[in-house]
Amino acid sequence: PEFRLRERGINSTVVLFGGARIPEPGKAAWAARNDVQKRNLEVASKYYHEARRFAQFASLTSEALGYKEYVVVTGGGPGVMEAGNRGAADVGAPSIGFNVVLPHEQAPNQFITPELCFNFHYFATRKVHFLLRARAVAIFPGGFGTMDEFFETLTLIQTGRMERIPLLLFGMEFWNRVVNFEALAEAGTISPDDLQLFTVVDSAEDGWDVVRKAYDLPEIALR
């Protein structure tokens, strides 16, 4: 992957993480195991839409820079990952898929640029490549894998092992329900200032605006 990205002259990326089980709006919640999950996953399909639009913002910015900067990268699978690669494809931009070989749920989606589609055996190696060029990381609702990527990125920034970059949590209602960040601060297990290491947003516009202001990028209008 490193040689391939160097050959393409890709210097920086925008990373999208999120649930493989979140369906496209209007499509069946294939991963649901009961009626409650079906209902919740169908509601969560709005995040597929926002991830797709966020990737369009990143990709149009990348286009103006010769697709050398802010190139979209995802985990390569279905759900939110597919939405990210699809958003790039919508505007004719290349995108990267760092897939991982798993017994279920994970197969490369059709929207990844073929020569930038990679299959990893080891999660640890894949993690390095995700963050090596990252200028922003967008975390959409997801499960254990999504939370793993979020907390690892957060820990690297918190400990100074990684430069601080825009770290976006999409879905205030979801994240406030599943993680009590304030409780961690109140317990003293994190610093109150650590709550400023990430930004919670609900829309692609709000999320990209954080990235745009962080790097003084021009405003972009979706086509």
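Before reading further, recall that the structure is shown in the block above.
Conventions used here
Residues numbered from 1 in each chain as written. Predicted model: local features only at pLDDT ≥ 70, side-chain atom pairs only at ≥ 80, totals over all residues. Heavy atoms only, no water. Helix = DSSP H or I, 4+ residues; strand = E, 2+ residues; numbered from the N terminus. Buried < 20%, exposed > 50% of the residue type's maximum accessible area, 1.4 Å probe, protein only. Contact = heavy atoms within 4.5 Å. Areas by Shrake-Rupley, 256 points an atom, 1.4 Å probe, with all protein chains shown as cover. Salt bridge = Lys/Arg side-chain N within 4 Å of Asp/Glu carboxyl O. Pairing = 2+ DSSP bridges. Axes fitted to C-alpha atoms, helices over the stretch in contact; angles between N-to-C directions. Expected span 1.5 Å × (residues − 1). Arc of directions from axis to C-beta.

Observations regarding the overall build of the protein
- Scanning the protein for helices and strands turns up eight helices and seven strands.
- Considered along the principal axes of its C-alpha atoms, the protein spans approximately 45 × 40 × 35 Å.
- Counting all 223 residues of the protein, 51% fall into the buried class.
- Across the protein, contacts joining residues at least 24 apart in sequence account for 69% of those joining residues at least 6 apart.
- Only carbon and sulfur atoms are counted for the fraction: they give 52% of the accessible area of the protein, which is about 11100 Å².

Description of the pattern of salt bridges
- For the coordinates displayed, the defined rule picks out 14 salt bridges.
- When the shortest N-O distance is used, the salt bridge between Arg-8 and Glu-115 registers 2.9 Å. One end of the pair, Arg-8, is in helix H1 (residues 2-8); the other, Glu-115, is in the loop between strand S3 (95-100) and strand S4 (117-120), and 107 residues separate them in sequence.
- Judged by relative accessible area, which is 29%, Arg-8 ranks as partly exposed.
- You can call Glu-115 partly exposed: its relative accessible area is 37%.
- One salt bridge connects Arg-212 with Asp-209, and the closest N-O pair in it is separated by 2.7 Å. Of this pair, Arg-212 and Asp-209 both sit in helix H8 (residues 204-215), separated by three residues, roughly a single helical turn.
- Residue classification places Arg-212 among the buried positions, given a relative accessible area of 15%.

A few points about the sheet that holds strand S6 (residues 167-170)
- Strand order in the open sheet formed by seven strands is S4-S3-S2-S1-S5-S6-S7, and the pairing between neighbours is parallel. Each edge of the open sheet is held by one strand with a lone partner, namely S4 and strand S7 (199-201). Direction aside, the axes of adjacent strands within the sheet are offset by 20° on average.
- Pairing of S3 with S4, which is carried by four bridges, proceeds in the parallel orientation. For Asn-99, the partnering residue across the bridge sits in S4 and is Asn-119.
- Relative to the sheet, helix H3 (residues 80-90) contacts strand S1 (13-17), strand S2 (71-74) and S3, its axis offset from that of S2 by approximately 160°.
- Sheet strands touched by H8: S1, strand S5 (134-139), S6 and S7. Its angle to S6, the strand with the most contacts, is close to 175°.

So, unusual backbone geometry
- Look at Tyr-67: it is not a glycine, yet its phi comes out positive at around 55°.
- Counting through the fold element by element, Tyr-67 comes out in the loop between helix H2 (35-64) and S2.
- A relative accessible area of 23% means that Tyr-67 is categorised as partly exposed.
- We note that Asp-216 has phi near 55°; this positive angle belongs to a residue other than glycine.
- Residue placement: Asp-216 occurs in the segment after H8.
- According to the relative accessible area criterion, Asp-216 is exposed, its value standing at 71%.

Quick word on the side chain of Thr-13
- Tracing the chain through its elements places Thr-13 in strand S1.
- When near neighbours in sequence (up to four residues on either side) are disregarded, Thr-13 contacts Tyr-70, Val-71, Val-73, Ile-96, Phe-130, Arg-133, Ala-134, Arg-135 and Ala-136.

With respect to helix H5 (residues 144-158)
- Along its 15 residues, H5 runs 20 Å from first to last C-alpha, staying within 8% of the 21 Å computed at 1.5 Å per residue.
- Among the residues making up H5, those that are buried are Thr-146, Glu-149, Phe-150, Thr-153, Leu-154 and Ile-157. Burial along H5 is one-sided: seen end-on, the buried residues are contained in an arc of 125°.
- Tucked into the core, H5 has its buried residues touching S1, helix H4 (123-132), S5, S6, helix H6 (172-178) and helix H7 (181-187).
- Downstream of H5 by a residue or two, Gly-160 has a phi angle that is positive, lying close to 75°.

In short, shape yes, function no, at least from these values alone.
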